[in-house]
Every structure is written in C-alpha cells, then in structure tokens.
Amino acid sequence: MKYGYKVLLWLLLWQGMVLGQALAAPSEVREDLAEYFQGFSGTFVLYDLETERYIVYNEEQSRKRLSPCSTFKIPNSLIGLETGVVDKEDVFTLKKWDGTRYDFPYWNHDHTLASATKESVVWYFRELARDIGAVRMQSYLQMIDYGNKDISGGLTQFWLGSSLQISAREQVRFLARLERGELPFSQDTQAIVYKNITVAEKNGAILMGKTGSRLQDGHWNLGWFVGLVKKQGETYVFATNIEGADGAMGGKAREISLAVLKKMNVL
C-alpha cells in the first residue's frame, strides 16, 4: 500500500509536468492591455481550454511567484472536502465564531464553507487548514503541484503573505488541470467548490472566481482575481494579479479582469 501511494504520487506529478509542457503552448502577448493596469505592476493570463492558447499581458510578471492570499481558499476547500474534514452538505460545514471582533463585520458570526468562501472569511479557513493538518496539507500540495508547495510559514497562515508562493501562470495551470479532471478530487468536491466561487451567470455565461488581497503596514499592496468562464461549450481559465504601494486589492484585480474579459468578448 505504501509503495502504491508513492507510485500514484509519482504519476500525478509526472502528469503535471507533462501538462505543464503542454500549457507552455502558443501565447499571444497583449501589451495593449497596459491601459487597464495604470498605477500598478500586474499581469493578466487567459487560457482557452479548447484551442490550448494563452493570451498574456506582461509575460515577466505572469511568471513571478507571489503569495496566493485568499485565492488559496479554492485548494483549501477542495482538500477539506476531499479529506472529509468538512461535509459535502453545506449545512454541516458550520463553524462557530469564537467572538473575536474583526474589522470586517461580515466575519463576526458563524459561517459555513459557502458563506466563508463568499465573504472571504480568513478565520474559517485557518480552522479548516488546522483540521486538515500539516501532513495531509503538504501531501495534497505536492500532488496538485501548487506553486512552491511551501507551508513552512505556519499551518494557519502559510498562504497569507508568507511561505507559499505561486505565479499567475501556475494559478491558471492549476485551474485548467482541475477543470480537466486531472487532480485528485472527486466530481462532487469540484462541483461544490465551483458553486461556492460562482460570481455571476448572465447571457449564457458563468463566471467563477476568487479574489485575494495582501495588507502590509496598513497598505494593500497585492491583489488577485483568478477563475473560470464557461459559455456555449467553451471554457476559459484566467488569473490577474496587481502590485502597488497601496490600493492593490482583490477587488481592483477583479475589476481589471472583468474589463479585460469583456474586451476579449469572453464575457
């Protein structure tokens, strides 16, 4: 059994390397998208699963590893559900608020996995990571080949401006592999997480995404928005990040992403 697990792990990692080579596919560089990133250093990466082509703004930044911040709630949720740490019926994923007062009022009450994802409730996902445990967390990050896979910054904070780092291209590769069923998560688990990160459904298009933000010394200096668009049988995976002295937040990255996706007629 021990050796079977090692073989499975090797196969998954090998599969990831092969897909990684495949995703190093033709790229269209779109430096004209700079107009959307005024005041920030940032990147936008779009991958079309049908044509296997990239569209990239700021190639260098697209490969720069940064803290995933709250975009890590996607793999954290997947791992929590797959290991049985949280139930697949949302009503049974309830975690009680411990009374700690947070600056974000919507954090200050009990949450389920769905509501904690929607409101980006950090304390909920810290508890989820603690329940998963370091051994299982590290094992899954190895299996899904998520960024630098480094949880040394602490089990309840490694993804929050700490040791775990991932690039925009790697975010896209992770979501593309998830969409293709090439990661060790069941269809039920994936469907639940997709439902939780669904942002909008309009004109036959479904937008799924998760923001992430980093606050340091009172300044928001990193923002993410990563996700998928499904419409008329087509699927696109995207990732945007922005860096700046202040104002670089997930909400701004989402605003930029939506504008670019509309410009490209993806939305």
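Located above this text is the structure these notes cover.
Residues numbered from 1 in each chain as written. Predicted model: local features only at pLDDT ≥ 70, side-chain atom pairs only at ≥ 80, totals over all residues. Heavy atoms only, no water.

Chemist: In this structure, what is going on with the pairing of strand E4 (residues 198-202)? I would like to understand it.
Modeler: Regular strands have side chains that alternate between both faces of the sheet. Examined bridge by bridge, E4 and strand E5 (residues 205-216) share 4 bridges and lie antiparallel to one another. Paired with Lys 202 across the bridge in E5 is Ala 205. (Pairing = 2+ DSSP bridges. Helix = DSSP H or I, 4+ residues; strand = E, 2+ residues; numbered from the N terminus.)

Chemist: I keep staring at the packing of aromatic side chains and nothing clicks. Help me out?
Modeler: Each aromatic ring pair is specified by the distance between its two centres and by the angle formed by the two planes. Across all of its chains, the model carries 14 aromatic pairs by this definition. For the ring pair Phe 72 and Tyr 146, a centre distance of 5.6 Å and an interplane angle of 70° mean the geometry is edge-to-face. Highlighted residues: Phe 72 in the loop between helix H2 (59-62) and helix H3 (73-82) and Tyr 146 in the loop between helix H6 (134-144) and helix H7 (168-179), separated in sequence by 74 residues. Given a relative accessible area of 0%, Tyr 146 falls into the buried group. Ring centres of Trp 123 and Tyr 124 lie 6.1 Å apart, and the angle between their planes is 55°; this geometry places the pair in the tilted category. Accessibility expressed as a relative area gives 6% for Trp 123, which makes it buried. Looking at Tyr 124, the relative accessible area reads 0%, which means it is buried. Clustering of aromatic rings is evident, with ring pairs tying together Phe 72, Tyr 146, Phe 158, Trp 159 and Phe 174. Sitting above the plane of the Tyr 124 ring, Lys 95 keeps its charged end 5.7 Å from the centroid. Positioned above the aromatic ring of Tyr 54, the side-chain terminus of Arg 169 is 4.4 Å from the ring centre. (Phe/Tyr/Trp six-rings, centres within 6.5 Å; stacked < 30°, edge-to-face > 60°. Buried < 20%, exposed > 50% of the residue type's maximum accessible area, 1.4 Å probe, protein only. Lys NZ or Arg CZ within 6 Å of the ring centre and 35° of its normal.)

Chemist: Would you mind showing me how to read the sheet that holds strand E7 (residues 234-243) here?
Modeler: The strands that make up a sheet pair up through hydrogen bonds in the backbone, lying either parallel or antiparallel. Here we have 7 strands laid out as an open sheet, ordered E1-E3-E2-E7-E6-E5-E4, and mixed in their pairing. Unpaired on one side and paired on the other, strand E1 (27-29) and E4 mark the two borders of the sheet. When the angles between neighbouring strand axes are averaged without regard to direction, this sheet yields 15°. Where strand E2 (residues 41-48) and strand E3 (residues 53-57) come together, 5 bridges link them in antiparallel fashion. By the bridge assignment for E3, Val 45 is matched with Val 56. The sheet contacts of H7 involve E1, E2, E3, strand E6 (219-231) and E7, and relative to E7 the element is tilted by about 155°. (Axes fitted to C-alpha atoms, helices over the stretch in contact; angles between N-to-C directions. Contact = heavy atoms within 4.5 Å.)

Chemist: What should I look at first to understand H7 in this one?
Modeler: For H7, spanning 12 residues, the distance from its first C-alpha to its last is 17 Å, which sits close to the expected 16 Å at 1.5 Å a residue. The element H7 is extensively covered by neighbouring structure, given that 12 of its 12 residues are classed as buried. What H7 keeps buried is the set Ala 168, Arg 169, Glu 170, Gln 171, Val 172, Arg 173, Phe 174, Leu 175, Ala 176, Arg 177, Leu 178 and Glu 179. Looking one or two residues past H7, Gly 181 carries a phi angle of roughly 70°, positive in sign. (Expected span 1.5 Å × (residues − 1).)

Chemist: How should the pairing of E5 be read in this particular structure?
Modeler: What sits between E4 and E5 in their antiparallel hairpin is a turn of 2 residues, with Asn 203 showing a positive phi close to 55°. Of the strand pairs in this sheet, E5 and E6 are connected by 12 bridges, and their pairing is antiparallel. Bridging from a neighbouring strand, Ile 206 pairs with Lys 230 of E6. Connecting E5 to the next strand, E6, in antiparallel fashion are 2 residues, including Asp 217 with a positive phi near 50°.

Chemist: Help me out: how do you make sense of the pattern of salt bridges in this one?
Modeler: Applying the stated criterion across every chain yields a total of 13 salt bridges. One salt bridge in this structure joins Glu 52 and Arg 180, with 3.5 Å as the shortest N-O distance. Separated by 128 residues along the polypeptide, Glu 52 in the loop between E2 and E3 and Arg 180 in the loop between H7 and helix H8 (187-196) bring together distant segments of the chain. Residue class for Glu 52 comes out partly exposed when judged on its relative accessible area of 37%. With a relative accessible area of 27%, Arg 180 lands in the partly exposed category. A salt bridge links Glu 243 to Lys 64; the shortest N-O distance between them is 2.9 Å. Here Lys 64 lies in the loop between H2 and H3 and Glu 243 lies in strand E7, a separation of 179 residues in the sequence. Its relative accessible area of 15% is what places Glu 243 among the buried residues. Assessed through its relative accessible area of 37%, Lys 64 is described here as partly exposed. Here the salt bridges do not stand alone but share partners, grouping Glu 28, Arg 30 and Asp 32 into one network. (Salt bridge = Lys/Arg side-chain N within 4 Å of Asp/Glu carboxyl O.)

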